[in-house]
Amino acid sequence: MSIKLKNVSYTYSQKTPFAFEALKNVSLNINDHSFLALIGETGSGKSTLVQHLNGLLLPTSGEVQVNNFLLSIENGKRKYVDLNKPQGKKYHKKQFNIKDLRKYAGLVFQFPEYQLFEETVLKDICFGPKNFGASEEEAETMARQAIELVGLDESYLSRSPFELSGGEKRRVAIAGIIALNPSVLILDEPTAGLDPQGEREMMELFKRIYDSGKSVILVTHNMDIVLKYVDEVIVMKDGHLLTQTTPLKLFQDEKFLANTAIEPPFVFKVAKELIDNGLNIDLGKIKDISSLVGEIGRVKHE
């Protein structure tokens, strides 16, 4: 599995006085089993980009490929091509059902708890699987597995989602996407509005999902999350992709950070100051305060 964008541009309200180009000739590759973050200031195009990855938006120009699903616009019409099907003059280009893509790449919006609407948690989680063709029994099995994965027990299934805490609602909403068993989990600001403990628990959930073999792509403004969890980071600005790199390389590039107003995590800055003052710690092993303390201890005992 890989994700490829080739010269993708997207304009909201095209051919109106309110036209706004949110993505500008973006090309990128995301490898299989990635834990990747998209960062950049508000309005840089992050959310617009991730909505292309499961077909909620189609590019004004260019192509989006997610695994074998290829999406584009041709002569003003939507074009969905299944690359696993025969192509060429003797074959019609095989279309796919957009539901297949949305099952493969599950998108969780910012504040997903606002999308809960059923009378019980069980019905809410089952809604997606049933909409994608699962039987009642199959959907309930998926719901029980998903609720456990997000750290809630089965007693929650009989409760109303509207009597839960904010963090519990978010877990239920995410369980509704996880129940579809997507190969790629796409998250738009998944920790927004959570307290530090809730944020930590949510990120550990996504780390477990990643460790299970899936790809995780998240939009975030939190550089501590970027440093601790992700393997790769994409920086957006004004609809352009500025760079695709690792957190370590990004946070060491002081000139780039200054030009993009990105503030590296405090623990990373402390680690760099210690290195500048002669402490031989491994900057690549610094993910948070505990790993920094561990590195300092290692150096002192050598």
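Everything discussed here concerns the structure shown above.
The shown structure was predicted, so the numbers you read here are calculated from the model rather than taken from an experiment.

Draft legend 1. Representation of the environment of lysine 285. With respect to the helices, strands and loops of the structure, lysine 285 is situated in the loop between helix H10 (266-276) and helix H11 (289-300). Among residues more than four places away in sequence, those in contact with lysine 285 are Ser291 and Glu295.

Draft legend 2. Structural context of the pairing of strand S1 (residues 3-12). Note: S1 against strand S2 (residues 20-30), seven bridges, orientation antiparallel. Each residue of the ladder has a partner; that of lysine 4, found in S2, is asparagine 29. One ladder, built from five bridges, connects S1 with strand S4 (residues 61-66); its direction is antiparallel. Residue pairing in the sheet places leucine 5 in a bridge with valine 64 of S4.

Draft legend 3. Geometry of the nonpolar core. Counting residues in each nonpolar core, the largest one holds 58 residues, and the members touching the most others are Phe35, Ile39, Ile125, Phe206 and Phe251. Residues in contact with phenylalanine 251, not counting those within four places in the same chain, are Met223, Val226, Leu227, Leu257, Ile262, Pro264, Pro265, Phe268 and Lys272. With 32 residues, the next largest nonpolar core counts Val66, Phe96, Ile234 and Met236 among its residues.

Draft legend 4. Representation of the packing of helix H3 (residues 121-131) against helix H4 (residues 136-149) in the model. Between H3 and H4, the least distance of the axes is 8 Å, while the angle of their chain directions is 115°. Judged by the twist between their axes, the crossing of H3 over H4 is right-handed. For the pair formed by H3 and H4, the contact residues are Val121, Leu122, Ile125, Cys126, Pro129 and Lys130 on the first element and Glu136, Ala139, Glu140, Met142, Ala143, Ala146 and Ile147 on the second. Looking at the contact of H3 with H4, its residues break down into ten nonpolar, no polar and three charged.

Here is what the cut-offs are and how they apply
Residues numbered from 1 in each chain as written. Predicted model: local features only at pLDDT ≥ 70, side-chain atom pairs only at ≥ 80, totals over all residues. Heavy atoms only, no water. Helix = DSSP H or I, 4+ residues; strand = E, 2+ residues; numbered from the N terminus. Contact = heavy atoms within 4.5 Å. Pairing = 2+ DSSP bridges. Core = buried A, V, L, I, M, F, W, Y, C linked by side-chain atoms within 4.5 Å. Buried < 20%, exposed > 50% of the residue type's maximum accessible area, 1.4 Å probe, protein only. Axes fitted to C-alpha atoms, helices over the stretch in contact; angles between N-to-C directions. Left-handed = near helix turned anticlockwise from the far one by under 90°. Nonpolar A, V, L, I, M, F, W, Y, C, P; charged D, E, K, R; others polar.

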